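Remarks on the overall topology
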Amino acid sequence: MSLKNEKIGIIGSGLIGKSWAMIFASVGYKVVLFDVEAAQVTKALENIKSELLEFEAAGTLRGTIGAAAQAELISGTDNLADCVTGAKYVQECVPEVLELKRKVWADIDKVAGDQTILATSTSCIVPSKISDFMVHKSQFIVAHPCNPPYHTPMVELVPAPWTSQEIQAGARALMKEAGQGPVSLSREVPGFVLNRMQYALLNECWRLIRDGVVSAQDLDVVMKDGMGMRYAFMGPMETIHLNAEGTQNYVDRYGETIFDVSSDLGPIPTGWKQETEKDKAEVKALQESMIKDIPVEELYKRRVWRDKRLAALAKLKRDMDREEMQ
């Protein structure tokens, strides 16, 4: 894999920003990581190098360039113009606060080039709410990763009404080049695709636990030892296609049952909003159920456990894909 004489700008040096920096460096791009405090940038660069070396030792490093060489491709700055000027692509990764994102993009807009793809990592804010005032708004797009981005390569590409076709195509091509799994939406919708699917699932999980049908722990077994095992390799639509003699046959055989069961699912749980004492009691009961197995003080340890397994799964999928291509 050859090194590229092109720059990627990353705005924000937190978990998501660091992940994007490593992803682009893995395919040879020069990456400039920006944050408002120089000390934060320095710390992020140190963490990135440490993580890349750990991935290399574990055999889960992405790309064909060594960890040390990848780390050398990533530099940092506390000067926004140094990060954005001349960049092929800019990925903003600041906290999920609309006012903050608009402020940051106002500053980026002043120094961005006319050809640069301008992307935000927002998970739920539709791009029109962030970019409506921008001079370069036709270059703006959402590139929402799954967490953690380095090990879960899906990324949603969501255009604003004014995002050009060239930017949409360019963002998709770049994501594929970087080893991500791009999902292109035709238009913006609240929650995009991932969270609309996730929230529909979580609503039913909440109802089943709240109504005493199943414990939170046994419900998780349904996903991790059942649905999740096949969904790690194929999506729900391919799953139903394979579970019968094609999609038409699946609907012929199971469509009425699916409709009848779906009619019994019930309304969105009000516990999400916590506006009443009953709502708050539901949340408290669920929290107490979860901390029996995973106390709050052990969350970091469990996240490390999660990320190691996701890394191993990602490596397995890459290895299997390479074998199929041979």
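I will try to describe carefully the structure that is included in this document. Since the model is a prediction, treat every value here as computed from it, not as a measurement. (Residues numbered from 1 in each chain as written. Predicted model: local features only at pLDDT ≥ 70, side-chain atom pairs only at ≥ 80, totals over all residues. Heavy atoms only, no water.)

Topic: the side chain of Gln168
On the secondary structure map, Gln168 appears in helix 7 (residues 165-177). Not counting residues up to four positions away in its chain, the partners in contact with Gln168 are Ile141, Pro159, Thr163 and Leu185. (Helix = DSSP H or I, 4+ residues; strand = E, 2+ residues; numbered from the N terminus. Contact = heavy atoms within 4.5 Å.)

Points about the packing of helix 8 (residues 194-210) against helix 9 (residues 216-231)
As a packed pair, helix 8 and helix 9 sit with axes 10 Å apart at the nearest point and diverge in direction by 145°. For the element pair helix 8 and helix 9, the recorded crossing hand is right-handed. Residues Leu201, Cys205, Leu208 and Ile209 of helix 8 touch helix 9, and the partners they reach there are Ala216, Leu219 and Met223. Looking at side-chain class alone, the contact of helix 8 with helix 9 contains seven nonpolar, no polar and no charged residues. (Axes fitted to C-alpha atoms, helices over the stretch in contact; angles between N-to-C directions. Left-handed = near helix turned anticlockwise from the far one by under 90°. Nonpolar A, V, L, I, M, F, W, Y, C, P; charged D, E, K, R; others polar.)

Describing the packing of aromatic side chains
With the rule as written, the count across this model stands at seven aromatic pairs. On the numbers, 5.7 Å between centres and 20° between planes, the contact of Trp20 with Phe24 is stacked. With Trp20 and Phe24 both in helix 1 (residues 15-25) and four residues apart, the pair spans about one turn of that helix. As far as the burial class goes, Trp20 and Phe24 line up, both buried. Measuring from ring centre to ring centre gives 5.4 Å for Phe24 and Tyr89, while their planes differ by 50°; the resulting arrangement is tilted. Of this pair, Phe24 sits in helix 1 while Tyr89 sits in strand 4 (residues 89-92), and the two are 65 residues apart along the sequence. The class of Tyr89 is buried, set by a relative accessible area of 0%. Joined through ring pairs, the aromatic side chains of Trp20, Phe24, Tyr29 and Tyr89 make up one cluster. One residue, Arg302, lies across the ring of Trp305, its end atom 3.6 Å from the ring centre. Above the ring of Phe233, the side-chain terminus of Lys317 is found at 6.0 Å from the ring centroid. (Phe/Tyr/Trp six-rings, centres within 6.5 Å; stacked < 30°, edge-to-face > 60°. Buried < 20%, exposed > 50% of the residue type's maximum accessible area, 1.4 Å probe, protein only. Lys NZ or Arg CZ within 6 Å of the ring centre and 35° of its normal.)

What about the environment of Met22?
Mapped onto the elements of the fold, Met22 is located in helix 1. Separated by 30 residues in sequence, Met22 and Leu52 have C-alpha atoms that sit 7.8 Å apart. Not counting the four nearest positions on each side in its chain, Met22 is found in contact with Ile48, Glu51, Leu52, Phe55, Gln70, Ile74 and Tyr150.

Some details on helix 5 (residues 98-111)
Taking 1.5 Å as the rise per residue, helix 5 with 14 residues should run 20 Å; its terminal C-alpha atoms sit 21 Å apart, in good agreement. Those residues of helix 5 that fall on the buried side of the exposure criterion are Lys101, Val104, Trp105, Ile108 and Asp109. Buried residues along helix 5 cover an arc of 145° about the axis, so they all sit on one side. Seen from the buried face of helix 5, the exposed residues on the opposite side, beyond 90 degrees, are Glu99, Lys103 and Lys110. Along its buried surface, helix 5 packs onto strand 1 (7-11), helix 4 (80-84), strand 4, strand 5 (117-120), helix 6 (127-131) and strand 6 (140-145). (Expected span 1.5 Å × (residues − 1). Arc of directions from axis to C-beta.)

Quick word on the nonpolar core
Residues Ile10, Phe24, Leu52 and Tyr89 are the most contacted members of the largest nonpolar core, which totals 36 residues. The contact partners of Ile10, leaving out residues within four places of it in the chain, are Gly17, Trp20, Ala21, Phe24, Val31, Val32, Leu33, Phe34, Cys83, Gln91 and Cys93. Val32, Leu80, Val90 and Val94 belong to the second largest nonpolar core, which has 18 residues in total. (Core = buried A, V, L, I, M, F, W, Y, C linked by side-chain atoms within 4.5 Å.)

What to know about the side chain of Glu92
Looking at the secondary structure, you find Glu92 in strand 4. For Glu92, the side chain forms a polar contact with the side chain of Lys101, separated by 2.4 Å. Those residues in contact with Glu92, other than ones at most four positions away along the chain, are Ile11, Lys101, Val104, Trp105, Ala119, Thr120 and Ser121. (Polar contact = N/O pair within 3.5 Å; in protein donor to acceptor, adjacent residues only side chain to side chain.)

Function cannot be read off these values alone, since they describe shape.
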